[in-house]
Amino acid sequence: MSYPVETVRHSLAHVMAAAVKKLYPDVKFAGGPAIENGFYYDFDTEHRFSEDDFAQIEKEMKALIKSDGRFEKRIVSLDEAKQIFANQPYKMEWLNEYDANGQELSIYSFRDFVDLCRGPHVASSKDLPKDAFKIRSVAGAYWKGDSKNKMLQRIYVDAFLSADELNDYLKMMEEAANRDNRKLGRDMDLFHFEPDYAPGAVFWHDKGYKIYRKLIDYVRMRQEHAGYLEISTPSVMDRSLWERSGHWAKYGEHNYSGKTQDGKTFCVKPMSCPGGMLVFGQGIKSYKDLPLYLAEFGKVNRYEAAGGLSGLMRVREFTQDDAHIFCTEEQLETEVVKVLRFIKDIYSKFGFDKISMKLATRKNSEFRIGSDEIWDKAEGALRHALEANGIEFEIAEGDAAFYGPKIDNYLKDSIGRIWQCGTIQLDMNLPERFDLSYIGEDGEKHRPIMLHRAMLGSIERFMGVLLESTAGVLPLWLSPEPVVVVPVSEKYREYALRVVDELRNVGVYARADLRDEKVNYKVRELSLSKTPIIAVVGEKEMNDLSVTLRYFGNEKQDVLKLSEFVKQMADNIKMPK
RNA sequence: GCCAGUUUAGCUCAGCUGGUAGAGCAUCUGAUUUGUAAUCAGAGGGUCGUUGGUUCAAGUCCGACAACUGGCACCA
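Counting from 1, residues in each chain are numbered in the order their sequence is written. The naming scheme follows written order: chains are lettered A onward, ligands numbered 1 onward. Only residues with pLDDT of 70 or above have their local features reported here, since the model is predicted, and side-chain atom pairs are shown and tallied only from 80 upward, although totals for entire chains, interfaces and linings are computed over all residues. With hydrogens and water stripped out, all remaining heavy atoms of the structure feed into the side-chain values.

Asks: I tried to follow the protein's contact with RNA strand B on my own but got confused; where do I start?
Replies: If even one non-hydrogen atom of a residue comes within 4 Å of a molecule or strand, that residue is called near it. In the neighbourhood of RNA strand B, 60 residues make up the surrounding shell, with Arg182, Met271, Asp516, Arg524 and Glu541 lying closest. Within 4 Å of the protein, the contacting atoms of RNA strand B are drawn from sugar and phosphate to the extent of 52%. Polar contact criterion, stated in full: a pair of N or O atoms within 3.5 Å, where within protein one must be able to donate a hydrogen and the other to accept it, and residues adjacent in sequence count only if both atoms are side-chain atoms. Between RNA strand B and Ser147 there is a distance of 3.1 Å, counted from a sugar or linking oxygen to a side-chain nitrogen or oxygen. In DSSP terms, a helix is any run of H or I states spanning at least four residues, a strand is any run of E spanning at least two, and both are numbered starting from the N terminus. At the level of elements, β7 (133–142), β8 (151–159), α6 (181–187), α9 (247–251), α16 (519–528), α17 (539–543) and β27 (546–551) are the ones that each hand at least two residues to the surface near RNA strand B. Here the element with the most residues in the surface near RNA strand B is α16; it accounts for 7 residues. Three classes are used, and their members are as follows: Ala, Val, Leu, Ile, Met, Phe, Trp, Tyr, Cys and Pro are nonpolar, Asp, Glu, Lys and Arg are charged, and the others, Gly among them, are polar. Looking at the surface near RNA strand B, its residues break down into 23 nonpolar, 17 polar and 20 charged.

Structure follows, in structure tokens:
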């Protein structure tokens, strides 16, 4: 019979555990779930796993699969389970915390490996495909996901129902490497990093910076239409500001700060919010001013843990398309919905039609501020805004910020990792700390509700995701160099320059490739660097004032009158409304 | 920060069990004046991540540190 892929994956996890037990008898087992594209299992053993072990483990697994071992389920009592797993400290820890709650406790045995497990499993190992899995990697992982606990060794395995599916997947992953933002950054001459001088900080080259600016320009244009006011606040401010905001206590060690000659401590801003609060605090605000939208493209610096840095996706210096929305309690839900729709619309312009939303709810932490009652209300408001508008979302329990719940949206990179981009956060902390108020209809002072929001999130990360999703082939309006003009020989240089000039006159950034090389060579090179349009000009084009066009990814050639082409391009590079 | 791996020319990589470095592409120079994915020839270019150590001798062996890659933790 055939089983669902999750069942196969999870059964294979048991097979791997059995194989590892055979090879390293001292091993202690933690757990091994099925995941997207495969499964993993966490082990604790003196032996340090490395790639060199993979072949042997795989071989052992295949032998076990062939052996027709049965997966046998048994319902046991808690006491019985504790006897069985007496030598397995991780299973024991789990059992000691186990609250039966009316549920049955089941164990599965496969050969001499017994695991606490709800199942389900295949009946016999011969139901498992023996050539549709491959060990991917070994990595550290904390027991129970807590860095205070011991680090275990996690072996990741890619697993599918058939060898073809596995091979397709491996091939896809291999191709994904070509879309890696770091590789595209180099190949397309967009940016680079200087690990010796500024790990995790981007050096934008001309072309990369053009894209970066266009992203900002686009968001700026859109939010100005929507009534946002753009401000700019200082990059370096006294430490006392972040003490006041509460961020110093929680994130102090992740800040860049330093002492001045007169003994003061200044801090490079890790976030723009406190600055925004100070701007709101200027003058007296009326209820008629609300909702008030203060936006800032704020460059922020955070000393992120070295192990967390990753290309454009996770950097230490980045720009947020930040905004703070001040409103009344009654306006809150409407404002949340507006932002949700805004984000959805903006994302669609970049081709992201499916975005995953998560409602991040409170976690118990010493830093959390606000009573349960306030949290109930805040979480309820966000949830209602999502539900009432039919927006699909997941709950991310415990993912809230210390000052309030949030709705985050996530985009995937080329190998399927998800990254938080846009966010809407309800802040129950800052208005209080900065004693913000507005005068209500009743003539009394009231505390405004404050929402943080970022749409792209970080320009850096968003560009990383965008590059990977498009493989570097950006829509014309975002392309840093939409047209390169290639003269067939020296004789047509002047005409090539004229074409460039006419394009630039209408705001199309074009350049001529005047190098002493063959057309073949230039077409190859420009194609490799993902130039969207190559315009070749020679005798024919010069005589009838035309261009021969080659579009990226298409070998077909188009001939257009120069005037027509210029007009078309001027249209094509316009930002979407 | 933690676990594993990696670090050799601008890029991609080779250098076996130690005997002071190679290739292709790129770059530069010359020739060529080119019609849609690499024109030919020549030349230059590396204190082998940094730093200690072992050794007569270290790219190669050992240690520390840093960075990078994949995970974990973190992510205001």
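Asks: Hey, could you run me through empty space enclosed by the protein in this one?
Replies: Gaps between atoms show up when a probe of the same size as a water molecule is rolled over them. The distinction between a cavity and a pocket rests on a 1 Å grid over the protein atoms alone: a 1.4 Å probe fits inside a cavity but cannot get out, while a pocket stays open yet meets protein on both sides within 12 Å along at least five of seven lines, and a residue with an atom within 4 Å of a point counts as lining. Grid points are joined across faces, edges and corners, and a volume is the space filled by probe spheres set on the points. All told, the structure shown has 2 cavities of 30 Å³ or more when counted by the stated rule. There is about 100 Å³ of room inside the largest cavity. As for the largest cavity, its lining consists of 13 residues, of which Met188, Ser479, Pro480, Lys530 and Pro532 are closest to the centre. Residues of the lining of the largest cavity, tallied by class, amount to 6 nonpolar, 4 polar and 3 charged. There is about 50 Å³ of room inside the second largest cavity. In terms of residue class, the lining of the second largest cavity is built from 4 nonpolar, 1 polar and 3 charged.

Asks: Quick question: what am I supposed to make of the environment of Asp26 here?
Replies: As for its placement among the helices and strands, Asp26 is situated in the loop between α1 (5–23) and β1 (28–31). For Asp26, a relative accessible area of 36% corresponds to the partly exposed category. The spatial distance from the C-alpha of Asp26 to the C-alpha of Arg136 is 23 Å, given a sequence separation of 110 residues. Burial status follows relative accessibility: with a 1.4 Å probe on protein chains alone, a residue under 20% of its type maximum counts as buried, one over 50% as exposed, and anything between as partly exposed.

Asks: What is the right way to read the pairing of strand β24 (residues 483–487) from this model?
Replies: Among the 5 residues in β24, 5 count as buried, and that is most of the element. Both faces of β24 are covered, namely the face carrying Val483, Val485 and Pro487 and the face carrying Val484 and Val486. Pairing between strands requires that DSSP locate at least two bridges from one strand to the other. Sheet topology places β24 next to strand β25 (residues 510–512); 3 bridges connect them, and they run parallel. Among the inter-strand pairings, Val483 is bridged to a residue of β25, identified as Ala510.

Asks: So what exactly am I meant to see when it comes to the sheet that holds strand β5 (residues 105–110) here?
Replies: Two orientations exist for strands paired in a sheet by backbone hydrogen bonds: parallel and antiparallel. Read across the open sheet, the 3 strands follow the order β4-β5-β6; overall the sheet is antiparallel. Of all strands in the sheet, those with a lone pairing partner are β4 (71–76) and β6 (113–116), marking the two edges. Across the sheet, the mean angle separating the axes of adjacent strands is 25° when strand polarity is ignored. Pairing of β5 with β6, which is carried by 4 bridges, proceeds in the antiparallel orientation. Each residue of the ladder has a partner; that of Ser109, found in β6, is Val114. Two residues form a contact once any of their heavy atoms are found within 4.5 Å. Under this scheme, a helix contributes an axis fitted over its contacting stretch, all axes are lines through C-alpha atoms, and angles between N-to-C directions fall in the 0 to 180 degree range. Helix-sheet contacts for helix α4 (residues 89–96) involve β5 and β6, and the interaxial angle to β6 is about 30°.

Asks: Please explain the pattern of salt bridges as it appears in this structure.
Replies: Side chains that carry opposite charge are capable of pairing whenever their charged atoms lie near each other. For this analysis, a salt bridge means a side-chain nitrogen from Lys or Arg found within 4 Å of a carboxyl oxygen belonging to Asp or Glu. Enumeration over the complete set of coordinates arrives at 44 salt bridges. In this structure, Glu317 engages Lys299 in a salt bridge whose closest nitrogen and oxygen atoms are separated by 3.4 Å. Of this pair, Glu317 sits in strand β16 (residues 317–327) while Lys299 is found in strand β15 (residues 292–301), placing the two residues 18 residues apart along the sequence. Accessibility expressed as a relative area gives 41% for Lys299, which makes it partly exposed. A salt bridge links Glu432 to Arg447, with the nearest nitrogen and oxygen atoms 3.5 Å apart. One end of the pair, Glu432, is in helix α13 (residues 430–433); the other, Arg447, is in the loop between β22 (445–446) and β23 (449–458), with 15 residues separating them in the sequence.

Asks: It is not clear to me how the packing of aromatic side chains should be interpreted in this structure. Could you clarify?
Replies: To describe a pair of aromatic rings, you give the distance between the ring centres and the angle between the ring planes. Whether two aromatic rings pair depends on their centres lying within 6.5 Å, for rings of Phe, Tyr and Trp, where Trp uses its six-membered ring; planes under 30 degrees apart make the pair stacked, over 60 edge-to-face, and the rest tilted. Per the counting criterion, the structure on display carries 29 aromatic pairs. Taken together, a centroid distance of 6.0 Å and an interplanar angle of 90° make the contact between Phe29 and Tyr41 edge-to-face. Of this pair, Phe29 sits in strand β1 while Tyr41 is found in strand β3 (residues 38–44), placing the two residues 12 residues apart along the sequence. Look at Tyr41 and you get buried, because its relative accessible area is 0%. Pairing Tyr41 with Phe43 gives two aromatic rings, centres 5.1 Å apart and planes at 20°, and the pair type is stacked. An identical accessibility class is assigned to Tyr41 and Phe43; each is buried. A network of ring pairs unites the aromatic residues Tyr24, Phe29, Tyr41, Phe43, Phe49 and Phe113 as a single cluster. Here, over-ring charges are defined by two tests on the NZ atom of lysine or the CZ atom of arginine: distance to the ring centre within 6 Å, and angle to the ring normal within 35 degrees. Over the ring of Phe280 we find Lys285; its NZ or CZ atom is 5.3 Å from the centre of that ring. A cation over an aromatic ring shows up here: Lys358 above the ring of Tyr410, its NZ or CZ 4.8 Å from the ring centre.

Asks: Explain the environment of Gly31 here, please?
Replies: Position of Gly31 relative to the elements: it lies in strand β1. Remark: the alpha-carbon pair of Gly31 and Lys144, spanning 113 residues in sequence, is separated by 9.7 Å. Once residues within four sequence positions are removed from consideration, Gly31 is found in contact with Tyr40, Tyr41, Asp42 and Lys91.

Asks: Explanation requested: the nonpolar core in the structure shown.
Replies: Note on soluble globular proteins: their nonpolar side chains tend to be buried together. Leu215, Tyr347, Phe350, Phe352 and Ile407 are the most contacted members of the largest nonpolar core, which totals 68 residues. In terms of residue count, the dominant contributor to this core is helix α11 (residues 332–349) (9 residues). When sequence neighbours within four positions are dropped, the list of residues in contact with Leu215 reads Phe350, Leu456, Ile459, Phe462, Met463, Leu466 and Leu478. Among the buried residues, those of types Ala, Val, Leu, Ile, Met, Phe, Trp, Tyr and Cys that are joined through side-chain atoms within 4.5 Å form a nonpolar core. By size, the runner-up hydrophobic cluster in this structure holds 34 residues, among which are Leu12, Ala18, Tyr108 and Phe113.

Asks: Is there a simple way to explain the sheet that holds strand β13 (residues 257–259) in this structure?
Replies: Spatial ordering of the open sheet is given by β12-β14-β13, a layout of 3 strands whose pairing is antiparallel. Of all the strands in the sheet, just β12 (236–238) and β13 have a single pairing partner and so form its edges. For this sheet the average axis-to-axis angle between neighbouring strands, irrespective of direction, equals 30°. Note: β12 against strand β14 (residues 265–268), 3 bridges, orientation antiparallel. In the sheet register, Val236 faces β14, and the bridge partner there is Val268.

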